[in-house]
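Here is what each chain is made of, one letter per residue.
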2 protein chains.
Amino acid sequence: MWLRLQSVCLRKLTVRPGYVSGVFDARLRRSVSHSASRAATCKALQYNKHGEPAQVIHLVDVDYGPVGAKEVLVKILAAPVNPSDVNMIQGTYAILPDLPATGGNEGVGEVSEVGCGVTSLKPGDWVIPKDAGLGTWRTAAVFSEDDVVSLPNDLPLLAAATLGVNPCTAYRMLADFEDLKPGDTVIQNAANSGVGQAVIQIAAARGISTINVIRDRPEFTQLSDRLKAIGATRVIKEEALRKPDMKELFKTCPRPKLALNGVGGKSATELLRHLQVGGSMVTYGGMAKQPVTIPVSALIFKDVKVRGFWVTQWKRNQSHDGRAFRSMIDDLCSLIKQKKLAAPACNEVHFEEYIKALNAAMQPFTSSKNVLIM
Amino acid sequence: MWLRLQSVCLRKLTVRPGYVSGVFDARLRRSVSHSASRAATCKALQYNKHGEPAQVIHLVDVDYGPVGAKEVLVKILAAPVNPSDVNMIQGTYAILPDLPATGGNEGVGEVSEVGCGVTSLKPGDWVIPKDAGLGTWRTAAVFSEDDVVSLPNDLPLLAAATLGVNPCTAYRMLADFEDLKPGDTVIQNAANSGVGQAVIQIAAARGISTINVIRDRPEFTQLSDRLKAIGATRVIKEEALRKPDMKELFKTCPRPKLALNGVGGKSATELLRHLQVGGSMVTYGGMAKQPVTIPVSALIFKDVKVRGFWVTQWKRNQSHDGRAFRSMIDDLCSLIKQKKLAAPACNEVHFEEYIKALNAAMQPFTSSKNVLIM
């Protein structure tokens, strides 16, 4: 009878185990932990040397497990291919894993087994990595309980898979540099990027206006309409930043307290020109591959503050209890549930067709995020 | 008898009136205030239009007075010619006075008469302007009591005359951007400027090491020795910033938390490279007339903070009670009295030979400050 119950529970686990609880749950956990003592195999996208992703990444079978007392076995559901993943494989990123390494730093998975000492997670929970470097491009992985944070398991899959980097970057940049109140203005370039779209939505949810700068393109109007549909107050072309029309614009909204720069070069300098006295420009990306150039007078007489933001460093600076991270994830999940925050446009690519996703992610200024579906 | 006493007091006033006090003082004040109801004449260096200082500045007689209830008559003793004074006359500075205007924004004077409602000052006090724009290149002036702040009248004259801008700039930059503790390091370019020399001395008084960058020159060794004599920990040439020797240097002192930039251009970018993770670069001048260029990676991955500082704005942002300003001036005067802070090298120029001082101040990278002695 005990064995039968156990096997029923295990079957349930693989479907939707969220409703397992109480004494029943405790027994189940023991049984699950016990069952994990066998090692098993999953598929992973690994690289042994740095280089161009499509050349150095290979799909391999890897062993995992057993699940230790404070560990969880996670079935990865979806994991995006971000520019920083590509840079990490190329060996040009600020942090690099030991080789061989599994690609991918973001994604969502479902807990399928928990170790006997795990207290914060149960089978069926959805989790995302707390930090970069876990290697999410695989079908399953054993993670430490402390390395992941749980999400509601009824979020849209793509929103969950893309929550840990871009929306967190947008959230922190809107929270940590200027005291923004409803009615204030934020200006940003790369407004169509993953971060840019999250900025638009989080700002709109808080009553903050956004001036969104994108490069000119044949489908400018459609893109502008799409960004306005998710909450952009204004969408303008890069060239417009240098035109006197900007003065007209600032008759209808206050000058920005905050500028968010994902591009660098001239675009950053132009953003800076429109900041209000004492405002901040925060750089989180450098797609133009050019430095940020600041007139001395802007620093001295306009007192602009020029800062940078890296969500990975922010996560690492968090205290061990992770309360700020938890609180941010809760806020973001709440926005997703209220349909105020959606994933950016995504191309879903089957895990085994990863080459397609890697090649697509190598294109500069891609307008859709490529997400591997496991 | 009353009249005779009064006239005796007035004679005393012009010599050293600091010891007049009590009832005697109160009578004196009334008498002084009364005596000031006559308008009088002084000499001033004025300009009616913007242009090259030596061409547009003229020595003229101007009327002043009478001294109002909340005003003081100040005999100006000494006033420097700063680069910002020159830019103001040229019309290129961030704030410009109404024309005609009297030149000069800094200097020290002695109170010779006080209005009947003045409570914080007495004849004989030394005062400096609280803000830019008072016009200090004159032999006497009537100022509002609130426009000046008193100093001990036994300070060295040149130290008092040059206290209000450069040492205040140095003091605030060392206090307001990073939490510096004894043993920490500050790196600065333009180390031989007025601000640079004040930074060296204030930092040394607090046990903070300074790495001082100057351009190469024939008399490098003498200048280096002079800066070391006032407290510089290390003096290096601009070229050295790009050399591997810097690594050796950082074996003997921690990497700087704070970089102070008075130059801009490449020099600023080089300073930035040596900052510790999370450090700040504060720009207060741009002698190279080139913008500050920052690699995107320094902002994102090294989390460097790029700021500016303008002492005039700082003074204007102070609360009406001016407590922070008073406290800073007290600290700086205390350092001067302890011989830990001296005026930079100065050329004393007689007031009526102002053309000499203006021409000298127009030279780029002058190594002495020109001070008009009235």
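As shown above, the structure is provided for reference.
Definitions and cut-offs
- For every chain, the first residue of its written sequence is number 1, and the numbers climb from 1 along that sequence.
- Both sets of labels track the order of writing: A upward for chains, 1 upward for ligands.
- Local features in this predicted model are restricted to residues of pLDDT 70 or higher, and side-chain atom pairs are both shown and tallied only at a pLDDT of 80 or more, whereas totals for entire chains, interfaces and linings draw on every residue.
- Hydrogens are left out, water is left out, and the side-chain values use all remaining heavy atoms of the structure.
- In this description a helix means any DSSP run of H or I spanning at least four residues, a strand means any run of E spanning at least two, and both kinds are numbered starting from the N terminus.
- Accessibility here uses a 1.4 Å probe with only protein chains present; expressed as a share of the type maximum, an area under 20% marks a residue as buried, one over 50% as exposed, and anything in between as partly exposed.
- Note on contacts: a residue pair is in contact if any heavy atoms of the two residues lie within 4.5 Å.
- Computed with the Shrake-Rupley method and a 1.4 Å probe, the accessible areas treat only the protein chains shown as cover for residues.
- We treat two strands as partners when DSSP finds at least two bridges between them.
- Lining residues are those with an atom within 4 Å of a point, where the points come from a 1 Å grid over the protein atoms alone and group into cavities, where a 1.4 Å probe fits but cannot get out, or pockets, open sets with protein on both sides within 12 Å along at least five of seven lines.
- Grid points are joined across faces, edges and corners, and a volume is the space filled by probe spheres set on the points.
- A least-squares fit on C-alpha atoms brings the copies together, and the residues used are those whose pLDDT is at least 70 in both copies.
- A pair of Phe, Tyr and Trp rings is counted when the ring centres sit within 6.5 Å of each other, with Trp represented by its six-membered ring. The angle between the planes then sorts it: under 30 degrees is stacked, over 60 is edge-to-face, the rest tilted.
- We count a charge as sitting over a ring when the NZ of a lysine or the CZ of an arginine lies within 6 Å of the ring centre and within 35 degrees of the ring normal.

A.B. asks: So what about the overall build of chain A? Which residues, and what values?
C.D. replies: Regarding its fold elements, chain A presents 14 helices and 17 strands. Here chain A, with 374 residues, has 54% of them falling under the buried criterion. Pairs at least 24 apart in sequence give 71% of the contacts found in chain A among residues at least 6 apart. When the accessible surface of chain A is summed, it comes to about 16100 Å², and 52% of that surface belongs to carbon and sulfur atoms.

A.B. asks: I'd like a rundown of the sheet that holds strand S4 (residues 101-102) of chain B, residues and numbers included.
C.D. replies: Residue and element names in this part refer to chain B. Read from one edge to the other, the open sheet built from three strands follows the order S2-S1-S4, with strand pairing classed as antiparallel. Of all the strands in the sheet, the pair left with one neighbour each is strand S2 (57-64) and S4. Examined bridge by bridge, strand S1 (residues 40-47) and S2 share eight bridges and lie antiparallel to one another. Directly across from Gln46, in S2, lies its bridge partner His58.

A.B. asks: Residues and numbers for empty space enclosed by the protein, please.
C.D. replies: All names here are of chain A. For the structure shown, the criterion picks out six cavities of 30 Å³ or more. What the largest cavity holds in volume is close to 100 Å³. The wall of the largest cavity is formed by 15 residues, among which Pro167, Leu341, Ala342, Ala343 and Pro344 lie closest to the centre. Sorting the residues of the lining of the largest cavity by element identifies helix H6 (166-176) and helix H7 (194-205) as the ones contributing at least two each. Tallying contributions element by element places H7 first for the lining of the largest cavity, with four residues.

A.B. asks: I'd like to hear about the relation of the copies chain A and chain B, residue by residue, with values.
C.D. replies: Mapping chain A onto chain B calls for a screw motion: a turn of 180 degrees about the axis and a shift of 0.0 Å along it, with 0.0 Å RMSD after fitting. One copy is carried onto the other by what is essentially a two-fold rotation axis. Taken together, the interface assignments show that 100% of the residues at the interface of chain A recur at the interface of chain B, consistent with an identical surface on both copies.

A.B. asks: Before we move on, can you summarise the packing of aromatic side chains with the specific residues and values?
C.D. replies: Inspection of the entire model under this criterion finds 10 aromatic pairs over all chains. Ring centres of Tyr93 of chain A and Phe301 of chain B lie 5.4 Å apart, and the angle between their planes is 80 degrees; this geometry places the pair in the edge-to-face category. Separated into two different chains, Tyr93 of chain A in the loop between helix H4 (83-90) and strand S4 (101-102) and Phe301 of chain B in the loop between helix H11 (296-300) and strand S15 (305-308) make up a pair that spans both. The interplanar angle of 85 degrees and the centroid separation of 4.6 Å between the aromatic rings of Phe301 of chain A and Trp310 of chain B together place this pair among those described as edge-to-face. With Phe301 of chain A in the loop between helix H11 (296-300) and strand S15 (305-308) and Trp310 of chain B in the loop between S15 and helix H12 (311-317), this pair bridges two chains. A residue is classified by how much of its surface remains accessible, and Phe301 of chain A, at 27% relative accessible area, is partly exposed. Among the aromatic residues, ring-to-ring pairing joins Tyr93 and Trp310 of chain A together with Phe301 of chain B into one connected group. We note Lys237 of chain A situated over the ring of Phe220 of chain A; from NZ or CZ to the ring centre the distance is 4.8 Å.

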